[in-house]
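Chain by chain, the residues:
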There are 2 protein chains.
Amino acid sequence: MIGTRGAAQAADLTDVRTTNLTVVLRYVRAHAPCSRADIAASTGLNKATVSSLVTDLLERRLLRETGLVANRIGRPATMLTLESRPYAAVGIEVAADHMTAVAIDLAGERLLSWRRASPLTGPPGKAVAAVAALAGRVVGKVTGQGRQILGLTVAVPGLVAADDTVRFAPHVGWPELDLRAQLVKALRRPAYDVAVDNDANLAALAEQRDGGYADIPDLVHLLGGVGVGAGIIVEGRPLRGGHGRAGQIGHLQLDPGGPECGCGRRGCLDAYVGLPALVRRALPDTAADGPVVDYAPEIERIVALAGAGDATVTGALVEAGARLGHAVATLLDLLDPRVVLLGGSFAPLAPWLLPTVEAEVGARVTIPDAGRIAVSTLGPGAAAVGGAARALDRVEAGHLPALP
Amino acid sequence: MIGTRGAAQAADLTDVRTTNLTVVLRYVRAHAPCSRADIAASTGLNKATVSSLVTDLLERRLLRETGLVANRIGRPATMLTLESRPYAAVGIEVAADHMTAVAIDLAGERLLSWRRASPLTGPPGKAVAAVAALAGRVVGKVTGQGRQILGLTVAVPGLVAADDTVRFAPHVGWPELDLRAQLVKALRRPAYDVAVDNDANLAALAEQRDGGYADIPDLVHLLGGVGVGAGIIVEGRPLRGGHGRAGQIGHLQLDPGGPECGCGRRGCLDAYVGLPALVRRALPDTAADGPVVDYAPEIERIVALAGAGDATVTGALVEAGARLGHAVATLLDLLDPRVVLLGGSFAPLAPWLLPTVEAEVGARVTIPDAGRIAVSTLGPGAAAVGGAARALDRVEAGHLPALP
């Protein structure tokens, strides 16, 4: 706690109780199945306190007893695990060409994962209606299973202000848009929390919570798509910035003499590795068919052709990898994360991108033993998973469901 | 608290007491003179607890009663303030061409500020001896005033690992160097804490604690010198990165076709705005006099000539400002700080740099209402001030001096 002038807040006993409830909940998430004695031994809380906290969490249906008895020295112990049945959390990822919806339970298990090719570049009103319709169907599905919704978060490829207003989303072409308020209205003021956040931020959150790098407190998720975004986690917390819009890396200028970018300048990262640029270079015949409305089939074609050794495609991927490496080296020097993850459209292309990215980073970073580069294990829809995970994080931050 | 899997630690009562002592201490620093009742009203702690905490802090000689009685409704109150007399904290900033030493009291007031032109680019053993000698003289001076040293931190222009080992400091030419251990030995194992940290990190800490931007939780201090470093504060805490070496911005490549850099590549930020590059361009006659050993007189000449409207100098500063603006725009897009401060060698040149930096940033950042750009009010030696402030931060983080 450094230099938080004026921000000092004293600890009080209500806070201590809530903090300790979340400590137990997070411990069980990480170590289930585990006993009350395990929790006491690891958290430093005394056994009577743990017992009372566990009873509270059982009543809120956040934990359940598995009924299993462990073999160990001393009395057999009742084991605890997260209660997966009563709750669900929903995330919807909005991209220029599609939406992905994900629902997960309290343990992070996926209950459903839907993808809809659906250009969202039309008028914002239509886009809001499309998102609300998809949200309504997902919510209907999981509440039909008897689950209570903990929260819904929509991931958008753009700048999202602290009040959940979308400020700038050029790839979907929205103007400033109070998406949260409009969704709440379209969903008829639901009882659950509705939120909007930047897609790369949520992808990073998912990565850290449920991905292959969950134990790494300092990471960046580079989310490839029509544009590129960076979701940054520092010391286990998302770096949001002073106005809530950190992670804008798409217009990092790599070469003032590079190709034209949609922003009017030249040589931006997006102009090399964004999907329109990549498809134009790897599949020059595609442009002749008119504008691309869903990039998934194009990515599949690139993967197939690269696998077959097509020179145009592999050449385009080597070029993209070198440019991506330049951006990754910049992130490593500035932020020093332990790992930079290639996600979104970069993940399926990683077998061809990664060697060039690594070579470029090796030649560029200021010192040699920087963080490593890896591929996200979450697959497409990471931001939707992160949207759902956000509701679970809120629970673990102390927004516990009420006692029944 | 998001996604800190496994990092959960329960609150206990010892922690609560220490936390509350630091809450009171920080409150008094920010609001002195203030009464016990003020503290209770603002922190949410009850009056008896505040009274007990204040007594403790008085006994540790961290607070004192001013004896003043405030005019207010109800009983007159004894006012409290930080006790400035018994303690001092020391910071020493090491640069390629000089050292700066600063000592401050608990309230952050400067007790002394010394600058020594002293090339530290020789063998590390000689540099360690020079730093230790300067430290010894500063410590002798303030202990001679009856003060107890709270800590000494040395600021170095390089990468510093979490164990205070200097890993990479090309501008002073040191190899990997266990500076802390060698200083502790040279200073004969002093009773106070000895630490080593990156200069830009410490400058940012000073900025946030005692500079003109102390209330801004998200800021970057761009420390100009022989090389450029970025000290990054996120949500009131220094961003150190997974290996403790975030903020490497000197080799951000702005133009692959730019001038040669010492790192072997072209067009790095250092190759445009580092002092050697800037002096070469602004004062082309200087190179003829042999290598520069102290840049202070060269900066003074640049300021004088720019003030007189010299076309070569102002042209060099406009060019440097544009390149610095490119780097600042990158920081604003990636990190979204509320303010980027120009410090170190950039501060005296700011009247000529700032307009171009601002114009370049305006043309580059992804959205228009990004953080603003300002000049550090700390002057040269900001990293030394930060080094001293680090010891005060440790106190406020709970490393309280023992009861006598």
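The name recorded for chain A in an unreviewed UniProt entry is Xylose repressor, from Polymorphospora rubra.

**Notes on the nonpolar core**
Counting 127 residues, the largest nonpolar core has A:V94, A:W174, A:L179, A:L222, A:I249, B:L222 and B:I249 as its most contacted members. Not counting the four nearest positions on each side in its chain, A:L222 is found in contact with A:V228, A:G229, A:A230, A:I249, A:L324, A:V328, A:L331, A:V340, A:L341, A:L342, A:G343 and A:F346. By size, the runner-up hydrophobic cluster in this structure holds 41 residues, among which are B:L63, B:L82, B:A388 and B:L392.

**Let's talk about the UniProt feature "domain: HTH marR-type" (unreviewed entry) in chain A**
According to UniProt, the positions carrying the feature "domain: HTH marR-type" (unreviewed entry) are residues 24-65 of chain A. Measuring from the first to the last C-alpha atom of residues 24-65 of chain A gives 14 Å, for a span that is 69% helix and 12% strand.

**Remarks on the sheet that holds strand β12 (residues 229-234) of chain B**
Residues and elements named next belong to chain B. In spatial order, the strands read β13-β12-β11-β14-β15; together these five strands make up an open sheet with mixed pairing. Strands at the two margins of the open sheet, each flanked by one partner only, are β13 (237-238) and β15 (372-375). Across two bridges, β12 lies against β13 in antiparallel orientation. Paired with I233 across the bridge in β13 is P238. Against the sheet, helix α6 (residues 199-210) touches β11 (219-224), β12 and β14 (339-344), its axis set at about 45° to β12.

**What to know about the sheet that holds strand β6 (residues 110-117) of chain B**
Residues and elements named next belong to chain B. Strand order in the open sheet formed by five strands is β6-β5-β4-β7-β10, and the pairing between neighbours is mixed. The sheet terminates laterally at β6 and β10 (193-198), the two strands that pair on one side only. Recorded for the sheet is a direction-independent mean angle of 15° between the axes of neighbouring strands. Sheet topology note: the strand β5 (residues 98-104)/β6 ladder contains seven bridges and is antiparallel. Looking at β6, one finds that T100 is bridged to R115.

**Notes on the relation of the copies chain A and chain B**
Note on the identical chains: chain A maps onto chain B by a rotation of 180° and an axial translation of 0.0 Å, with an RMSD of 0.0 Å. Read as a symmetry element, the transformation amounts to a two-fold axis. For chain A, the residue whose C-alpha comes nearest the rotation axis is A:D255, separated from it by 2.7 Å. Taken together, the interface assignments show that 100% of the residues at the interface of chain A recur at the interface of chain B, consistent with an identical surface on both copies.

**Some remarks on the environment of A:A304**
Residue and element names in this part refer to chain A. You can see A304 is positioned in helix α9 (residues 296-307). Under the relative-accessibility criterion, A304 is labelled exposed at 51%. For the pair A304 and A48, spaced 256 residues apart in the sequence, the C-alpha separation amounts to 60 Å.

**Here's the deal with the packing of helix α6 (residues 199-210) of chain A against helix α12 (residues 382-396) of chain A**
All names here are of chain A. Relative to each other, α6 and α12 sit at 65°, their axes nearing to 7 Å. Here α6 lies roughly perpendicular to α12, going by the angle between them. Crossing of α6 against α12: the hand is left-handed. For the pair α6 and α12, contact is made by D199, L202, A203, L205, A206, R209 and D210 and by A382, A383, V385, G386, G387, A389, R390, L392, D393 and E396, respectively. Tallied by class, the residues present in the contact of α6 with α12 amount to nine nonpolar, two polar and six charged.

**Let's talk about the domain arrangement of chain A**
Interface size is often expressed as the accessible area that is lost when the parts come together. Residues and elements named next belong to chain A. Domain boundaries in chain A define domain 1 (13-82), domain 2 (87-204 + 383-396) and domain 3 (212-377). Put simply, the middle of domain 2 and the middle of domain 3, counted by C-alpha atoms, are 24 Å apart. At the junction of the two partners, domain 2 supplies 17 residues and domain 3 supplies 22 residues. Interface of domain 2 and domain 3: buried area, both sides summed, is about 1400 Å²; carbon and sulfur atoms make up 55% of it. Our count for the domain 2 to domain 3 interface comes out at two salt bridges. Within the residue set of the side of domain 2 that touches domain 3, elements represented by two or more residues are β6 (110-117), β8 (159-160), β10 (193-198) and α6. Broken down by element, the residue count for the side of domain 2 that touches domain 3 peaks at five residues, all from α6. Within the side of domain 2 that touches domain 3, the residues separate by chemical class into nine nonpolar, three polar and five charged.

**Focus: the interface of chain A and chain B**
Taken together, the 70 residues of chain A in the interface contact 71 residues of chain B. Interface of chain A and chain B: buried area, both sides summed, is about 6400 Å²; carbon and sulfur atoms make up 52% of it. Across the contact surface, chain A and chain B share four salt bridges. For A:E235, the salt bridge identified is with B:R237, shortest N-O distance 2.2 Å. Between chain A and chain B we count 23 residue pairs in polar contact (both at pLDDT 80 or more) in total.

**So, unusual backbone geometry**
Residue A:P33 is bonded to the preceding A:A32 through a cis peptide linkage, with omega at -5°. You can see A:P33 is positioned in the loop between α1 (13-31) and β1 (34-35). You will see that A:R61, though not glycine, has its phi angle at about 60°, which is positive. With respect to the secondary-structure elements, A:R61 resides in the loop between α3 (47-59) and β2 (63-69). If you check the backbone angles, B:R188 has positive phi at about 60° while not being a glycine.

The rules behind the values
- Along each chain, residue indices are assigned from 1 in the same order as the chain's sequence is written.
- Chain A is the first chain written and ligand 1 is the first ligand written, with later ones labelled in order.
- In keeping with the predicted nature of the model, local features appear solely for residues at pLDDT of at least 70, side-chain atom pairs appear and are counted solely at 80 or more, and the whole-chain, interface and lining totals rest on all residues.
- Just so you know, side-chain values use all the structure's heavy atoms and leave hydrogens and water out.
- Note on terminology: a nonpolar core comprises buried Ala, Val, Leu, Ile, Met, Phe, Trp, Tyr and Cys residues joined through side-chain atoms within 4.5 Å.
- Burial classes: relative accessible area under 20% of the type maximum marks a residue as buried, over 50% as exposed, and values in between as partly exposed (1.4 Å probe, protein chains only).
- Residue contacts follow a heavy-atom distance rule, with two residues in contact if any of their heavy atoms lie within 4.5 Å.
- UniProt positions are given in the numbering used here, feature names are shortened, and annotations may be inferred rather than shown by experiment.
- Helix numbering and strand numbering both begin at the N terminus, where a helix is a DSSP run of H or I of at least 4 residues and a strand a DSSP run of E of at least 2.
- A strand pair is defined by DSSP finding two or more bridges across the two strands.
- Geometry is summarised by axes, namely lines fitted to C-alpha atoms with helices restricted to the contacting stretch, and by angles between N-to-C directions that run from 0 to 180 degrees.
- A least-squares fit on C-alpha atoms brings the copies together, and the residues used are those whose pLDDT is at least 70 in both copies.
- The cut-offs work like this: below 35 degrees is roughly parallel, past 145 is roughly antiparallel, 65 to 115 is roughly perpendicular, and the gaps in between are oblique.
- Here is the rule for handedness: rotate from the far helix to the near one, and if that takes an anticlockwise turn smaller than a right angle the crossing is left-handed, while a clockwise turn gives right-handed.
- Gly falls in the polar group here, along with every residue not listed as nonpolar (Ala, Val, Leu, Ile, Met, Phe, Trp, Tyr, Cys, Pro) or charged (Asp, Glu, Lys, Arg).
- Each domain span listed reflects an automatic or database assignment of domains.
- The term buried area means the drop in 1.4 Å probe accessible area that two parts suffer when joined, counted for both and summed.
- A pair is scored as a salt bridge if a Lys or Arg side-chain nitrogen falls within 4 Å of a carboxyl oxygen belonging to Asp or Glu.
- Identification of polar contacts relies on pairs of N or O atoms within 3.5 Å, with a donor-acceptor requirement for protein atoms, meaning one able to donate a hydrogen and the other able to accept it, and with residues adjacent in sequence counted only if both atoms are side-chain atoms.

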